[in-house]
Amino acid sequence: MYKHFFKRLIDIVLSGFGIVVLALPMLAIAVAIKLDSKGPVLFKQKRVGLHKKHFNIYKFRTMRTDTPKDAPTHELSDPKKWITKVGGFLRKTSLDELPQMFNIFEGTMSIIGPRPALWNQYDLIEERDKYGANDVPVGLTGWAQINGRDELEIPVKAALDGEYVKRQSFLFDCKCFFGTFVSVLKSDGVVEGGTGEIHKHESECHPEQASQCHPEQAKRVEGSKPDSSCHPEQASQCHPERSVSEVEGSKGES
């Protein structure tokens, strides 16, 4: 009942309320964007929604108008040079996501769910298929967003999305919702230029101290690490799916 009725009802009520209450702050952001750089206030991009159906997501524009189109941020040689001054602040505080309340109100998104992948993020889409995460409404925020966000490698992010699918309920959505405020205030997981930062940081930390370097993520990434019984030189044979670069990104204009 919750998944098929009350969740949608809550989305309509909260997004409608948010659009009204935040109208003036959004207007102020729009003015700041126009004063800061040339181009439109809103940014529209093709994303993957429920059942892998494409839709246009709305955001406040945070990058220059000459930024390569439909390219995940990690594929840009120097992501920060494309981000405007106001855009940097909006991305850090996640205020650039506010226009997605219109997506939620119209029904192409939900408040809580897996973040919508770019239409060409085939690796993330494929990983989510393993967990049925492409068959639930995509969200403004979700379980993966409060457990690492940009820092997560794609297999770990997809696994967390799968965990959300299994645990989806009113109480679990509330946990994700209120957890988002904590993450935003702390700027947790905000990394320009791609995903997999946790793995990078762990590589700089002595193996025996990994859990101390990142105690909050030790359990989350355990399933994505090579088997300890496998010799380093045979890692690619033990885990061929992990032999490619661990820093494949998953964030475009997000």
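Right above here is the structure, for reference.
Described below are features of the structure shown in this document. (Residues numbered from 1 in each chain as written. Predicted model: local features only at pLDDT ≥ 70, side-chain atom pairs only at ≥ 80, totals over all residues. Heavy atoms only, no water.)

Describing the overall build of the protein chain
For step 1, the next point in the chain: Of the regular secondary structure elements, the protein chain holds 11 helices and 4 strands.
For step 2, the next point in the chain: Going through the 254 residues of the protein chain one by one, you find that 46% of them count as buried.
For step 3, the next point in the chain: The contacts in the protein chain between residues at least 6 apart in sequence include a share of 72% that link residues at least 24 apart.
For step 4, the next point in the chain: Accessible surface, the protein chain: about 13,600 Å² in total, of which carbon and sulfur atoms supply 60%. (Helix = DSSP H or I, 4+ residues; strand = E, 2+ residues; numbered from the N terminus. Buried < 20%, exposed > 50% of the residue type's maximum accessible area, 1.4 Å probe, protein only. Contact = heavy atoms within 4.5 Å. Areas by Shrake-Rupley, 256 points an atom, 1.4 Å probe, with all protein chains shown as cover.)

As for a nonpolar patch on the surface
For step 1, the next point in the chain: Together, M1, F5, F6, L9, V13 and L14 make up an exposed nonpolar region whose accessible area comes to about 600 Å².
For step 2, the next point in the chain: Locating L14 in the fold gives a position in helix α1 (residues 2-21). (Patch = residues over 30% accessible without salt bridge, like charges linked within 9 Å, V, L, I, M, F, W, Y side chains within 5 Å. Salt bridge = Lys/Arg side-chain N within 4 Å of Asp/Glu carboxyl O.)

Examining helix α6 (residues 122-129)
For step 1, the next point in the chain: Inspection of α6 places L124, I125, E127 and R128 among the buried residues, and these make up the whole buried set. Each buried residue of α6 lies within a common arc of 165° when the element is viewed along its axis, so the set occupies one face. Along α6, the residues that are exposed and aim more than 90 degrees away from the buried face are Y122 and E126. (Arc of directions from axis to C-beta.)

A word on the packing of α1 against helix α2 (residues 23-36)
For step 1, the next point in the chain: Interhelical geometry of α1 versus α2 gives an angle of 60° and a closest axis separation of 4 Å. Considered as vectors, α1 and α2 are oriented oblique to each other. Where α1 abuts α2, its residues G18, I19, V20 and V21 lie against A23, P25 and M26.
For step 2, the next point in the chain: Of the residues in the contact of α1 with α2, the class split is 6 nonpolar, 1 polar and no charged. (Axes fitted to C-alpha atoms, helices over the stretch in contact; angles between N-to-C directions. Parallel < 35°, antiparallel > 145°, perpendicular 65-115°, else oblique. Nonpolar A, V, L, I, M, F, W, Y, C, P; charged D, E, K, R; others polar.)

Looking at the packing of aromatic side chains
Both the distance between ring centres and the angle between the ring planes are used here to describe each pair of aromatic rings.
For step 1, the next point in the chain: On inspection of all chains with the given rule, the structure shows 6 aromatic pairs.
For step 2, the next point in the chain: Geometrically, the ring pair formed by F177 and F178 is edge-to-face, given 5.2 Å between the ring centres and 85° between the ring planes.
For step 3, the next point in the chain: Assessed through its relative accessible area of 28%, F177 is described here as partly exposed.
For step 4, the next point in the chain: One aromatic cluster is present, formed by W143, Y164 and F172 through successive ring pairs.
For step 5, the next point in the chain: Over the ring of W119 we find K46, and its NZ or CZ is 4.7 Å from the ring centre.
For step 6, the next point in the chain: Just above the ring of W143 sits the side chain of R167; from NZ or CZ to the centre is 5.4 Å. (Phe/Tyr/Trp six-rings, centres within 6.5 Å; stacked < 30°, edge-to-face > 60°. Lys NZ or Arg CZ within 6 Å of the ring centre and 35° of its normal.)

Describing the environment of L14
For step 1, the next point in the chain: We classify L14 as partly exposed; its relative accessible area is 39%.
For step 2, the next point in the chain: The spacing of L14 and F105 is 91 residues in sequence and 8.6 Å in space, taken between C-alpha atoms.

Notes on helix α8 (residues 170-186)
For step 1, the next point in the chain: The terminal C-alpha atoms of α8 lie 25 Å apart, and with 17 residues this matches the ideal 24 Å at 1.5 Å per residue to within 8%.
For step 2, the next point in the chain: Following α8 by one or two positions, S187 adopts a phi angle in the positive range, close to 55°. (Expected span 1.5 Å × (residues − 1).)

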